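Observations on the three-dimensional arrangement
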Amino acid sequence: MKMTGAEILVESLRREGVDLLFGYPGGVLLGVYDTLFDSEIKHILPRHEQGGIHAADGYARATGKVGVCFGTSGPGATNLVTGICNAQMDSVPLVVLTGQVSSDLIGGDAFQEADIIGITRPVVKHSYLISSPEEITTVIKEAFHIASTGRPGPVVVDLPKDMMAQKAEFKWPTKIDLPGYNPTVKGHLGQIKKMLRLLEGAKKPVIYMGGGVILSGSNEEMTKLSEITGVPVISSFLGQGGIPGTHENYIGWLGMHGNYASNMAMAEPDFILAVGTRFSDRSTGRLDGFAPNATIAHIDVDPSSISKNVKIDVPIVGDCMAVLKQALAEVDKYNWDKNASARKDWMAKIKAWDKKQPFGYDREADIIKPQYVVESIYKVTKGEAIICTEVGQNQMWAGQFYKFKEPRQFISSGGLGTMGYGFPAALGAKLGCPEKEVFDIAGDGSFMMNLQEICTAMQYNVAVKVAILNNKYLGMIRQWQNMFFNNRYSECCLDCQPDFVKLAESFGAVGMRIEKKEDVEGAIRESLKIKDRPVIMDFCVDREENVFPMIPAGAAVNEMLLK
Amino acid sequence: MRHTISVLVENKFGVLSRISGLFSGRGYNIESLSVNNTMEPEFSIMTIVTTGDDAVIEQIIKQLRKLVNVLKVRDVSQMEHIEREMHLVKVKANQETRSEIFNIISTFRGKTIDITNNSLVVEITGVSDKVSAFLKVLEPYGIIEVVRTGSIAIARGSKSTTDFK
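Residues numbered from 1 in each chain as written. Chains lettered and ligands numbered in written order. Predicted model: local features only at pLDDT ≥ 70, side-chain atom pairs only at ≥ 80, totals over all residues. Heavy atoms only, no water.

**Topic: the overall build of chain B**
Helix and strand counts for chain B stand at 4 helices and 9 strands. Overall, chain B shows an N-to-C arrangement of helices and strands of β-α-β-β-α-β-β-α-β-β-α-β-β. Across its three principal directions, the C-alpha atoms of chain B cover 55 × 35 × 30 Å. Considering only intrachain contacts with a sequence separation of at least 6, the fraction spanning at least 24 residues in chain B is 74%. For chain B, the exposed area adds up to about 9,200 Å²; of that, 51% sits on carbon and sulfur atoms. (Helix = DSSP H or I, 4+ residues; strand = E, 2+ residues; numbered from the N terminus. Contact = heavy atoms within 4.5 Å. Areas by Shrake-Rupley, 256 points an atom, 1.4 Å probe, with all protein chains shown as cover.)

**Observations concerning the environment of V7(B)**
Residue and element names in this part refer to chain B. Within the secondary structure layout, V7 lies in strand β1 (residues 2–10). When its relative accessible area of 0% is taken as the criterion, V7 is described as buried. For the pair formed by V7 and I48, sequence separation is 41 residues and the distance between their alpha carbons is 7.7 Å. Apart from the residues within four sequence positions on either side, V7 is in contact with I19, S44, I45, M46, I48, L64, V70, K72 and V73. (Buried < 20%, exposed > 50% of the residue type's maximum accessible area, 1.4 Å probe, protein only.)

**Describing the interface of chain B and chain A**
Taken together, the contacts link 18 residues of chain B with 18 residues of chain A. Taking both sides of the interface into account, the surface hidden between chain B and chain A amounts to around 1,400 Å²; carbon and sulfur atoms contribute 56%. Of all residues in chain B, F13(B), R18(B) and V68(B) bury the most surface against chain A, accounting for 42% of the area lost on that side. Our count for the chain B to chain A interface comes out at 1 salt bridge. (Buried area = accessible area lost by both parts, 1.4 Å probe. Salt bridge = Lys/Arg side-chain N within 4 Å of Asp/Glu carboxyl O.)

**A closer look at the domain arrangement of chain A**
Residue and element names in this part refer to chain A. As assigned here, chain A comprises domain 1 (2–169), domain 2 (189–356) and domain 3 (370–540). Inter-centroid distance (C-alpha atoms) of domain 1 to domain 3 is 29 Å. Residue-level contacts link 26 residues of domain 1 with 26 residues of domain 3. Interface area for domain 1 against domain 3, summed over the two sides, is near 2,000 Å², with a carbon-plus-sulfur share of 62%. Considering only the surface of domain 1 that becomes buried against domain 3, R47, R61 and A62 emerge as the three largest contributors, covering 28% of it. Applying the counting criterion to the domain 1 and domain 3 interface returns 0 salt bridges. (Domains from an automatic or database assignment.)

**What to know about the pairing of strand β3 (residues 43–51) of chain B**
Residue and element names in this part refer to chain B. The buried fraction of β3 is high, at 7 of 9 residues. Sheet analysis places β1 next to β3, joined by 9 bridges and oriented antiparallel. Counted as the bridge partner of E10 is F43 from β3. Bridge count between strand β2 (residues 32–37) and β3: 6 bridges; the pairing is antiparallel. Each bridged residue has a counterpart across the sheet, and for N36 the counterpart in β3 is I45. Here β2 hands over to β3 after 5 residues, the two strands then running antiparallel side by side. (Pairing = 2+ DSSP bridges.)

**Topic: a negative patch on the surface**
A surface patch of negative charge is lined by D362(A), E364(A), D366(A), E515(A), E518(A) and D519(A). Looking at the secondary structure, you find E518(A) in the loop between β19 (510–514) and α23 (520–528). (Patch = residues over 30% accessible without salt bridge, like charges linked within 9 Å, V, L, I, M, F, W, Y side chains within 5 Å. Lys, Arg positive; Asp, Glu negative; His and termini not counted. Charge placed at Lys NZ, Arg CZ, Asp CG, Glu CD.)

**So, the nonpolar core**
All names here are of chain A. With 65 residues, the main nonpolar core has M195, L273, V275, I377, I387 and F539 as its most contacted residues. Both domains that meet at this core, namely domain 2 (189–356) and domain 3 (370–540), each give it at least three residues. Aside from chain neighbours lying at most four places away, what touches I377 is I387, Y402, F439, I441, A467 and I524. Counting residues in hydrophobic clusters, the runner-up holds 49 residues, among them L20, I53, L80 and F500. (Core = buried A, V, L, I, M, F, W, Y, C linked by side-chain atoms within 4.5 Å.)

And the structure:
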């Protein structure tokens, strides 16, 4: 039986296991939306395409499944671009379906026409323009395969209107034929043995784990390797949760606002095992001060991540999970007591750094310190919530004062640093994991960028909690202007802002304003009782609090400012 | 360092822009790029001449390999290889100078492919050094126009860039 392109598309999505997607209709997508009307796939209507794609991204990060979203041609598609780039930077599997004008109109500057394949080319893992209804099944199958395997990323599929209307037989492909796409899963055993030999001989080794451990779900393998070898683990910002945040071998996360011990330790190891990380500039600081004496082995599924920023001595291309399993199968053949005493000293040295300079703030202050809010959320949720963040100071404090037990608990725009990401991402995370508490730790600046999604949360009874650390500033901008621009607060003051309580209430959501320190915990507890709608908590925090430690731009990891 | 990279790609929509965009987006240099079908119409070979230190070239090759439509990447300049580019050169030539110019063309093994009363069009192929030398010698006569292909290259021996399986 022949089906329309729209029917073939929706059936293909169903076959790929899609049960929830985010999308905003438009002229050229009307055929698709008519088909979706009868589909069992749950459709979430955000109030802005950017909200939709960040929600799909949050859903994907929280569940490990591919996030799916629709936007119509022209402005609908261009509104998705930030979300696509965000997913590409943080390796999030997305299939992004965009409407397109009819193929005979393409190139003629038709109404709502945009060359979205061209516009998104530098920020996608791959993209397709559908050119016949027959190829829809193959393209969708390939798109999900490419998005979710290897180093995950966003795949854009552009859907000309006529392709959705024309009919074809539905033929579901039995296999995928992509001769140019074949990610390496298993690592080279010789290289793995070489890595273990170097690890065995090292006196001051560290494991540096990144988001690859989260994406591959290799947290147990990571923890086991660290325990057997007795090697301290330092994570990247997005690697948090790769081993439990309270584990004795976990030192913290490194980088611009990472903890003192992690950054000090990274200046002097003799060996680094890097796992699923891309040595971003925010993590490494100035490169000549980053582990200058270390031999470095690097496990990564993306060969181009290896030796991109930092020269690698032992490259191991493969999926983190597969390679760590291979390493664990070999690990007993090595003598981990060989340098035990030197390593004990090394661990003691790191622990002493941590004791000397843990993450901290003025706990005695009467005013609400933003860090206290995060700590209270940690306490009240017993460390079990999914924490999404916006971007800026709020994001750093969320990383500093919440300890993550497992992967997919910490959801943050790490690479692109997209303000306005956290709230829609929290919405997607909560839809994907309804049994979990989901918080968006927000700044007043970032939250303003996508707060229209309160409406979406209301419509679908999504009980996300938003904790605005409200300092009436673009806090990180103010901090830099305070520290490096002689206190000239250029365009960072947000004195004019809505009454967030009334704003929440206008949507039918719950709003709270918390002005006293003693009310912080109570408000968070209260928010957990609300199960059918979002809660917006406006914490009036110390306006001038800065994030420390801080590695200034261009400084090395051990050149932190502590106050 | 100058490198000549041979890239086998699927002949699909937008492949050239994915490759040229990769170079411009990541700040890599393209000295020349030439592309055409192989014996099998579904594949093309691109020859890209680029410059960079070893780390940059390594990244270029890895980034190219990451593209879904790219099947094979070889740095042919690291192998025994043959490289050619072709120029069409229009030069001023009148009755007095024509025979001198013919001598130069024959020395460089070029071909005269068009003659008018006051000009000639010459076809010349070779490695770029040779072609540059040719142009230099012709310069005093007055070069009107030069159109050149990019370099194309092939490795010596029986192996082929088109074997990708």
